[in-house]
Amino acid sequence: MSLQSALDALNQKRYQDAVELLEQFCRDCAEHNSSDYLSAQMWLMKAYQATGEIEKAKALCQKLIMSDNPQACSWAEQASQSFRQPSNVSQKAGRAATTEMKLAMGGVGGSLALASGVTITLLFGMVLALGLSLVFILGSDNPFQGLAIAISITLIFNIAAFFLSPFLMDLTQSWLYQTRWVELAEVETLSPETAKIIRQVCEQKKLKTPRLGIINDQNPTAFTYGSLPNSARLVVSQGLFTYLDDDEIATVYAHELGHIVHWDFAVMTVASTLVQICYLIYSTARRFGRGGGDSKIKDAMQTAALVAYVFYIIGTYLLLYLSRTREYFADHFAAESTGNPNGLSRALVKIAYGILEEGSRTQEPSRLIEGTRALGIYDHKAAASTGTAYRIASDTQKVGRVFLWDMFNPWGWWMELNSTHPLTGKRVRALSTYAEQLGLPTEFDMGRVIGEGKSLNKSRLYGNFFLDVVLYGAETIGFFVGLVMGVILWSSSPNTGLVLGAPLIGLGIGILIKALVMFPDYKQAPETDILTLMSDPYASPLRGQPAKLQGQLIGRGDAGYKFGSDLKIQDRSGMLYLHYASRFGPIGNFLFGMKRVQSLIGEQVGAVGWFRRGVAPWMDLIQLQSENGTIVNSYYRFWSFILGGGSIILGVVLTMFLSRS
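Residues numbered from 1 in each chain as written. Predicted model: local features only at pLDDT ≥ 70, side-chain atom pairs only at ≥ 80, totals over all residues. Heavy atoms only, no water.

Enquirer: So, the overall build of the chain: which residues are in play, and what are the values?
Expert: Scanning the chain from N- to C-terminus turns up 28 helices and 10 strands. When burial is assessed residue by residue, the chain has 52% of its 661 residues classed as buried. Pairs at least 24 residues apart make up 71% of the contacts formed inside the chain by residues separated by at least 6 positions. (Helix = DSSP H or I, 4+ residues; strand = E, 2+ residues; numbered from the N terminus. Buried < 20%, exposed > 50% of the residue type's maximum accessible area, 1.4 Å probe, protein only. Contact = heavy atoms within 4.5 Å.)

Set out below in structure tokens:
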């Protein structure tokens, strides 16, 4: 495709065509420093403005300002003055005139001190108990000496990890992300209000200014780490300044300062270390338990390994709970210190939007976003639904509606248990209550969202949830029901075949029932768009919703995997991951990722599949059909039917064969 055809479309005011052609040209251009590529980027920025996609235009303009090409940089600086608020975007909600007012949390997030204390105490107790058990197992003649050794080892390990981990993180940051350490004055040139907030908080809390870092990555994120408050590091990506306004950037920095004030990074460092010690003890005990030697010691080691693994699982969930709690309190601190809870609400939504936009421009997921998921202000896996809504919303109600799933679907609560961050809808709801306490209009009308949520069909929500939970174990349930039926029938009519065949028949029936629920008939799948799918509060990670989408394949969905078989599709409303399944299993997936995926990227396609919603929404692919006739078939139901049907046939054969013998 030539650049001239894109420019012709732009000159003829066919702006949407120009956007598509210029985006395609930029994706296909291998040399990003060439004059053609830079020209395409400039014209694409203008095309975005013409179609009303102002946020995209701003992001692209910021990239050009950072360009090494002086002409492109100068042009972008002049062009940046032309941005105006689009008429279809609602005005920002206001902020408080003072930052002195204390805000009640109303039970949101629980107690930070209690969560931290209980988590650390339980984890420390687990590690100490496991350390003692290993010392005693190894045959210490003096129990008091064994106690002293266990305590000493635990304390030394944790103290060393506490003080050394920030320096190890510094090395990791420099190696992986090329973090650039800057002075407060440079941050002030990028965001004046941020510098003001940093000075204000540090003065009030008697803190040294944190070591400030910037990563040259357009994916918006921010995180903090360290050991002591006065030696903390506060790192953000360049994308934060691209996608957020000045007051919103300040609330993000205030959120991270909240982590420093609350010693969150220190508590999380210790807690994470204790969880890892549990895992190390588990792996060590398991290894000794498999070796030769005294059978009593082997048995004791195997028991210790089992206990250590249980403690590791419990500790992991305690750590996740603590992580979610600290996010609520950091949000609260930001709202109090800036008097701008609405600014942080907008920031969270714009960060989701920025992650989505950057993901649509690259064929591989961001290493920065994947690698800092637990540390960052926002869980990137939750970005798709919120970012999609913000991308096309003409009013905040459309954004708010995607929060229905977060707040009312039981699967949201269940999925959150495994997340380091609260779901976005719950965070925005809490921030809205702070705005109400300050007498401000809220950025997102969460009252209307709550009202709509209360009108949802509760029996449908919870009935489907409990049915889904049962269906997750359909194979196991079918196997044991078959076993019980076989034993009952065998007791009245001795037939060994019933005992062996009935469980296999039950297993097969369970597999087929689960498959039919997960992958229902798709022949009448409705044509829809990604935003509509994500706004469905009844969506489930198990029950597939048949749907047809029209869009462009823009990259792979597998983080850092060049032969990944999953894809990303983008339509006019948003982006969604497509999961592919070969009829030849993992080998077929690998071959598809290696041979076919790259040739499909960039094509306009029609996709049919089953939509599912978890923390991150996705679609299990059935078929892709491109404009040039290329057809890709995915076989999610294939192996379920093969295994289910095969199990039933084998069970019937065993029953009949053994009944004759």
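That was the structure; now back to the text.
Enquirer: Tell me about the sheet that holds strand 3 (residues 222-225), and please be specific about residues and values.
Expert: If you trace the 4 strands from one edge of the open sheet to the other, you get 1-2-4-3, paired in mixed fashion. In this open sheet, the two edge strands, each paired with only one partner strand, are strand 1 (180-182) and strand 3. Recorded for the sheet is a direction-independent mean angle of 30° between the axes of neighbouring strands. Relative to strand 4 (residues 233-237), strand 2 (residues 211-215) is paired through 5 bridges, and the arrangement is parallel. The residue bridging Ile214 from the neighbouring strand is Val236, located in strand 4. Contacts between helix 11 (residues 246-261) and the sheet are confined to strand 2, strand 3 and strand 4, with strand 3 contributing the most and set at about 20° to the helix. (Pairing = 2+ DSSP bridges. Axes fitted to C-alpha atoms, helices over the stretch in contact; angles between N-to-C directions.)

Enquirer: Please give an account of the confidence of the model for the chain that cites residues and values.
Expert: On average, residues of the chain carry a pLDDT of 79, and 80% of them reach 70 or more. Across residues 84-90 the pLDDT falls below 50, and counting only partners more than four positions away or on other chains, this stretch makes 8 contacts in the model. (pLDDT = per-residue confidence, 0-100.)

Enquirer: Give a detailed account of the pattern of salt bridges, specifying residues and quantitative values.
Expert: According to the stated counting rule, one finds 15 salt bridges in the structure shown. Salt-bridge contacts for Asp247 lead to Arg346; the nearest nitrogen and oxygen are separated by 2.8 Å. One end of the pair, Asp247, is in helix 11; the other, Arg346, is in helix 14 (residues 341-361), with 99 residues separating them in the sequence. Across this residue pair, the class does not change: Asp247 and Arg346 are buried. With its nearest N and O atoms 2.9 Å apart, the salt bridge here joins Arg427 to Asp331. One end of the pair, Arg427, is in helix 20 (residues 424-437); the other, Asp331, is in helix 13 (residues 295-338), and 96 residues separate them in sequence. Here Asp331 falls in the buried class, since its relative accessible area comes to 2%. Taken together, the salt bridges that share partners define one network made up of Asp245, Asp247, Glu248, Arg346, Lys350 and Glu443. (Salt bridge = Lys/Arg side-chain N within 4 Å of Asp/Glu carboxyl O.)

Enquirer: Give a description of the pairing of strand 5 (residues 545-556) that names residues and reports values.
Expert: When you tally the buried positions in strand 5, you get 9 out of 12 residues, the bulk of the element. As judged from the 8 bridges shared by strand 5 and strand 8 (residues 604-612), these two strands associate in the antiparallel manner. When the bridges of strand 8 are listed, Gln550 appears paired with Gly606. As paired elements, strand 5 and strand 6 (residues 567-570) share 4 bridges and run antiparallel to each other. Paired with Arg556 across the two strands is Leu567, which belongs to strand 6.

Enquirer: Account for empty space enclosed by the protein, with residues named and values stated.
Expert: For the structure on display, the rule yields 4 cavities of 30 Å³ or more. There is about 60 Å³ of room inside the largest cavity. Around the largest cavity, the lining residues are Tyr378, Asp379, Ala382, Ser419, His421, Pro422, Leu423, Thr424, Arg427 and Val615. (1 Å grid on protein atoms, 1.4 Å probe; cavity = no way out; pocket = protein on both sides within 12 Å on 5 of 7 lines; lining within 4 Å. Points joined across faces, edges and corners; volume = space filled by probe spheres on them.)

Enquirer: Any chance you could break down the environment of Asp566 for me, citing the residues and the numbers?
Expert: Its place among the elements puts Asp566 in the loop between strand 5 and strand 6. Between the alpha carbons of Asp566 and His579 there is a distance of 4.8 Å; along the sequence they are 13 residues apart. There is a polar contact of 3.1 Å between the side chain of Asp566 and the backbone nitrogen of Tyr580. (Polar contact = N/O pair within 3.5 Å; in protein donor to acceptor, adjacent residues only side chain to side chain.)

Enquirer: Would you mind going over helix 9 (residues 192-204) in detail, with residue names and values included?
Expert: Between its terminal C-alpha atoms helix 9 stretches 19 Å, which fits the 18 Å expected from 13 residues at 1.5 Å a residue. Within helix 9 the residues assigned to the buried category are Glu193, Thr194, Ala195, Ile197, Ile198, Gln200, Val201 and Cys202. Lys206 occupies a position one or two residues after helix 9 and carries a positive phi of about 55°. (Expected span 1.5 Å × (residues − 1).)

Enquirer: Describe the packing of aromatic side chains, and please don't skip the residues or the numbers.
Expert: The relative placement of two aromatic rings is captured by the distance of their centres and the angle of their planes. Following the criterion strictly, the structure yields 14 aromatic pairs and no others. Relative to Phe480, the ring of Phe479 has its centre 5.5 Å away and its plane inclined at 90°; by these criteria the two rings are edge-to-face. Given a relative accessible area of 30%, Phe479 falls into the partly exposed group. The class of Phe480 is partly exposed, set by a relative accessible area of 48%. (Phe/Tyr/Trp six-rings, centres within 6.5 Å; stacked < 30°, edge-to-face > 60°.)

Enquirer: Quick rundown of the pairing of strand 8? Include the residues and the values.
Expert: The buried count for strand 8 comes to 8 of 9 residues, which makes it a mostly enclosed element. Here strand 8 runs beside strand 9 (residues 618-626); their pairing, made up of 8 bridges, is antiparallel. Following the sheet pairing, Trp610 is matched in strand 9 by Asp620.

Enquirer: Let's hear about helix 26 (residues 585-595): which residues, and what values?
Expert: Every buried residue of helix 26 is accounted for by Gly585, Gly588, Phe592 and Gly593. In an axial view of helix 26, the angular spread of the buried residues amounts to 135°, which keeps them on one side of the axis. Exposed and oriented more than 90 degrees from the buried face of helix 26 are Pro586, Ile587 and Lys595. (Arc of directions from axis to C-beta.)

Enquirer: Describe the environment of Gly239, naming the residues involved and giving the relevant values.
Expert: Secondary-structure assignment places Gly239 in helix 10 (residues 238-243). With 19 residues separating them along the chain, Gly239 and Pro220 place their C-alpha atoms 4.2 Å apart. Those residues in contact with Gly239, other than ones at most four positions away along the chain, are Asp217, Gln218, Asn219 and Pro220.

Enquirer: Tell me what's going on with the packing of helix 9 against helix 11, and back it up with residues and numbers.
Expert: Direction vectors running N to C along helix 9 and helix 11 enclose 25°, while the axes themselves pass 7 Å from each other. Compared by their axis directions, helix 9 and helix 11 come out roughly parallel. Of the two elements, helix 9 crosses helix 11, and the hand of that crossing is right-handed. Contacts from Pro192, Glu193, Thr194, Ile197, Ile198 and Val201 in helix 9 reach Asp246, Asp247, Ile249, Ala250, Tyr253, Ala254, Leu257 and Val261 in helix 11. (Parallel < 35°, antiparallel > 145°, perpendicular 65-115°, else oblique. Left-handed = near helix turned anticlockwise from the far one by under 90°.)

Enquirer: Account for the side chain of Thr242, naming residues and giving values.
Expert: You can see Thr242 is positioned in helix 10. A relative accessible area of 7% means that Thr242 is categorised as buried. Separated by 2.6 Å, the side chains of Thr242 and Gln218 make a polar contact. Excluding residues within four positions of it along the chain, Thr242 makes contact with Lys58, Ala59, Gln62 and Gln218.

Enquirer: Pulling in residues and values, what's your account of unusual backbone geometry?
Expert: Positive phi outside glycine occurs at Lys206, with the angle close to 55°. On the secondary structure map, Lys206 appears in the loop between helix 9 and strand 2. Positive phi outside glycine occurs at Trp263, with the angle close to 60°. Examined against the element boundaries, Trp263 turns out to sit in the loop between helix 11 and helix 12 (264-290). On the accessibility criterion, Trp263 (40% relative accessible area) is partly exposed.

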